[in-house]
Amino acid sequence: IVLLVVALSKCGLQNSALRFYNREEFAADPSAERRYYSTMFFSVIAPAAAITILFAATIHWAPRSLVDAGLSAVLMMAAGLIFLRAAQSILWSFLRIEERTKAYNVVSLIMRAATIAAVCGLLPVLGASVETYFAATLLVEAVVVALMVIPLFRRGLAKMTHVDSG
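Residues numbered from 1 in each chain as written. Predicted model: local features only at pLDDT ≥ 70, side-chain atom pairs only at ≥ 80, totals over all residues. Heavy atoms only, no water.

**A closer look at the nonpolar core**
In terms of nonpolar packing, the biggest core is built from 32 residues, with Tyr 36, Tyr 37, Phe 41, Ile 90, Leu 91, Phe 94 and Leu 152 touching the most fellow members. Broken down by secondary-structure element, the contributors of at least two residues to this core are α4 (30-61), α5 (69-97), α6 (101-126) and α7 (130-154). Ile 59, Ala 79, Leu 81 and Phe 134 belong to the second largest nonpolar core, which has 16 residues in total. (Core = buried A, V, L, I, M, F, W, Y, C linked by side-chain atoms within 4.5 Å. Buried < 20%, exposed > 50% of the residue type's maximum accessible area, 1.4 Å probe, protein only. Helix = DSSP H or I, 4+ residues; strand = E, 2+ residues; numbered from the N terminus.)

**A short note on a nonpolar patch on the surface**
On the surface, a cluster of nonpolar side chains totalling about 360 Å² of accessible area is made up of Leu 139, Val 143, Leu 147 and Ile 150. You can see Leu 147 is positioned in helix α7. A residue is classified by how much of its surface remains accessible, and Leu 147, at 57% relative accessible area, is exposed. (Patch = residues over 30% accessible without salt bridge, like charges linked within 9 Å, V, L, I, M, F, W, Y side chains within 5 Å. Areas by Shrake-Rupley, 256 points an atom, 1.4 Å probe, with all protein chains shown as cover. Salt bridge = Lys/Arg side-chain N within 4 Å of Asp/Glu carboxyl O.)

**Quick look at α7**
Relative to the 36 Å expected for 25 residues at 1.5 Å per residue, α7 spans 36 Å between its end C-alpha atoms, a close match to the ideal helical length. All buried positions along α7 are accounted for by Thr 132, Phe 134, Ala 135, Ala 136, Thr 137, Val 140, Glu 141, Val 144, Val 145, Met 148, Val 149 and Leu 152. Note on α7: the residue one or two positions beyond its end, Gly 156, has a positive phi of about 75 degrees. (Expected span 1.5 Å × (residues − 1).)

That's the geometry; what it means functionally is another story.
Structure below.
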């Protein structure tokens, strides 16, 4: 369920990031680079947020005859992954276009290892359950996304005022 909704939330824009990146233009015009990154980033984040909210609202208001309380709780936790994974897709694309393959691979590997470590760390607290897996995954992926987004903001590449609406 989550994978299908994640695919919908990305709107295929992570592929556009690769297509529209123009190193020469951005070197000559830093404002074009800021417009590109801001437009690509917020064009993924906005629909991802909307679809995540819609998914969570649907689960929340779904009749209990269709979605019982246990499944509802798990799907509500999974809703966070919809947003995070859509954000990750554009952030991974940025690493690829910047030709930062080592960073891409290291972050990807660390995220997987940290997820396993977080699941193991939460087992004594939450027990062996699906909720434990989703809690650990949410925690790790939220930290990874935050750590990848911070440099975009520090470099001035992700600002709503730089989004190109044309």
